[in-house]
Amino acid sequence: MSLPLGLEVGTLLLKWHLQNTKIIKPSDSRLATQNSGPTSMSIESLDPRVTRLQIEPEPNPLPKPALDQLITFEVFHQKKEGLPFTYVGPVHAADEEIAFLFAKEQYSRRAMCSGMWIASTEHVFVSGYADDSTSVYDTMPSVYVTPEGPEQSYEIFHLKKRGKAHQHVCTVTARSSEHALEVARQTLNPAPPVVSVWIIPSIHVLRQEEDRDMWATTPEKKYREAIAYRVQDKIDRFKAEQKA
Amino acid sequence: MYGGGNVFEATKFDDLEQEDPVKLAEFEARIARGEKIEPSDWMPQLYRKQLIRMIEQHAHSEIIGALPEGTWITRAPGFRRKLAQMAKVQDEVGHAQLLYSAAETLGKTREQMLTDLINGKSKYSNVFNYPAFTWADSNIISWLIDAGAIVNQMANAKGSYGPYCRALDRICAEEAFHLKYGHDAVVHMATGSPIQRKMIQEALNRWWPPIMTFFGPSDKMSMHTETLMRWKVKMASNDACRQQFLDMYVPKIWELGLTVPDPKLRKNEEGVWEYTEPDWDEFKRVINGDGPCNAERLAVRRTAEERGAWVRRALLAPKATYVRPLA
């Protein structure tokens, strides 16, 4: 069978590439003595980006220095204007501005989003967790002594079911996080279940909800949606052609 | 994408005898009621260890899985395909971030996980130790490896650990695009010119053996496995996942006029797929470091880590203040 010219060339190139791709095992200590120049050991990859890196595998790489365990920030996003802010997950960052950039990329890149709140994990007060059928408020002591100290505002988030996400329910004014929990119980008096309550001082929440244009690019990128690929049409056409 | 429960090493099962029986009973009752476990709940050591191992391997598979597909970004045929391929690869790296965070809630730091990956201590899905020789290989990965991953992930999303479920919900939503994109790319080649058809068939031939090992060897059903299934850590046996995958995708391969390179592959009268047993010796050899791309994959990760370190170091010193030169 004679192959079209393009394919023959392609196959030859592939064969050549396979024979000439050297993948060097870091464990091979003989490489050190065979090395004649600065780049002779570097990996030639099928990926030109990797080849350009000029990576020279070290037989015994140094252990990674301990330096980059950045702190974490908790991220809440608003799917549409008017909907409550909902927990989406954490990001690692050095400060909250960078945390916002990461969070925007990580949690609003693919889905609809109209606003985002960021808070450092250390600023989140956690009530503990109840069962799916009960309320964590009911486990609190019934007598509560209001603490001394200045008042400030706190954001209250509820988790309605384990495995789901905390949602913003209200803002309260209180003298401490524990006090805010008590104020929330009195003002909301929520029916069970409330599996868990998170409380964050409003002053520690970075809010990105003013600049509406910032979130507006997502709908243009149709090539990231499953619906943009009309596979079945192509298959049906192919089958019809095969029959004909 | 994701590589199944294929490299579980059993932690000592008798550890369970050390656990507080009252707390263990409460924990098991919660799972039996269908409630999720959250990070601050009491949990047995075996549960914690196994989940860390599983979620960590999943995260590594996402971040390493971005490499074989990334191979063809620079030479994707056409701008639209390049954009889509980039978006997909970016998604995979994003999935790794979600998963590292989920594993982190169990007490292992992200830094330690990355260190273990780079030093070869932690595993990732074995299929990514194979190269993507052509654009068609990349298409087969996008379609069939992601399809296998989705079978796994849909099962795991029903597991008992809250943070893992939250991460998987997001991941599964994004994977819908990957699967359709991959399928579309394969259909395009398979219904194209004779050269394109030959390319995609050859890519399928190369990738079929790794795909068949994707879900791992048959589980030895031990007490250990039963416990992990009762705790909803392991949601389906490796063989059950493989059967589901074959059932969903072999007909889709056949309808494109492609041949699956396994003469024994057929669905028997009981509706069970029969196939040639994959080469598990090769699987073990490759997973232990001796595959075509193991060294390259880890070297790329290590380089990214080393060459990006200065940025993280700079970020870690934000309190430095400028002072004018003195003299």
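An account of the accompanying structure is given in this report.

Reading guide: rules and limits
- Residues numbered from 1 in each chain as written.
- Chains lettered and ligands numbered in written order.
- Predicted model: local features only at pLDDT ≥ 70, side-chain atom pairs only at ≥ 80, totals over all residues.
- Heavy atoms only, no water.
- Helix = DSSP H or I, 4+ residues; strand = E, 2+ residues; numbered from the N terminus.
- Polar contact = N/O pair within 3.5 Å; in protein donor to acceptor, adjacent residues only side chain to side chain.
- Buried < 20%, exposed > 50% of the residue type's maximum accessible area, 1.4 Å probe, protein only.
- Salt bridge = Lys/Arg side-chain N within 4 Å of Asp/Glu carboxyl O.
- Pairing = 2+ DSSP bridges.

### What to know about the side chain of Ser176 of chain A
- Here Ser176 of chain A is to be found in the loop between strand 6 (167-174) and helix 5 (177-188).
- A polar contact is formed between the side chain of Ser176 of chain A and the backbone nitrogen of His179 of chain A, at a distance of 3.0 Å.

### As for unusual backbone geometry
- Each neighbour pair has its own omega, and for Pro192 of chain A with Pro193 of chain A the value is 5 degrees, a cis peptide bond.
- One can find Pro193 of chain A in the loop between helix 5 and strand 7 (196-201).
- Its identity is not glycine, yet Gln54 of chain A carries a phi of approximately 50 degrees, on the positive side.
- Given the relative accessible area of 42%, Gln54 of chain A is considered partly exposed.
- Backbone geometry places Lys232 of chain B, a non-glycine residue, at a positive phi of 55 degrees.

### Digging into the pattern of salt bridges
- According to the stated counting rule, one finds 33 salt bridges over all chains in the structure shown.
- As a salt-bridge pair, Glu35 of chain B and Arg162 of chain A come within 3.7 Å of each other at their nearest N and O atoms. Here Arg162 of chain A lies in the loop between strand 5 (152-159) and strand 6 and Glu35 of chain B lies in the loop between helix 1 (21-32) and helix 2 (45-70), a pairing that spans two chains. Of the two residues examined, Glu35 of chain B and Arg162 of chain A, each falls in the buried class.

### What about the pairing of strand 3 (residues 115-120) of chain A?
Residues and elements named next belong to chain A.
- Among the six residues in strand 3, six count as buried, and that is most of the element.
- Burial along strand 3 is two-sided: the face carrying Gly115, Trp117 and Ala119 and the face carrying Met116, Ile118 and Ser120 are both buried.
- Direction of pairing for strand 1 (residues 72-78) relative to strand 3: antiparallel, over a ladder of six bridges. The partner of Phe76 across the bridge, within strand 3, is Trp117.
- As paired elements, strand 3 and strand 8 (residues 206-208) share three bridges and run antiparallel to each other. Residue pairing in the sheet places Met116 in a bridge with Gln208 of strand 8.

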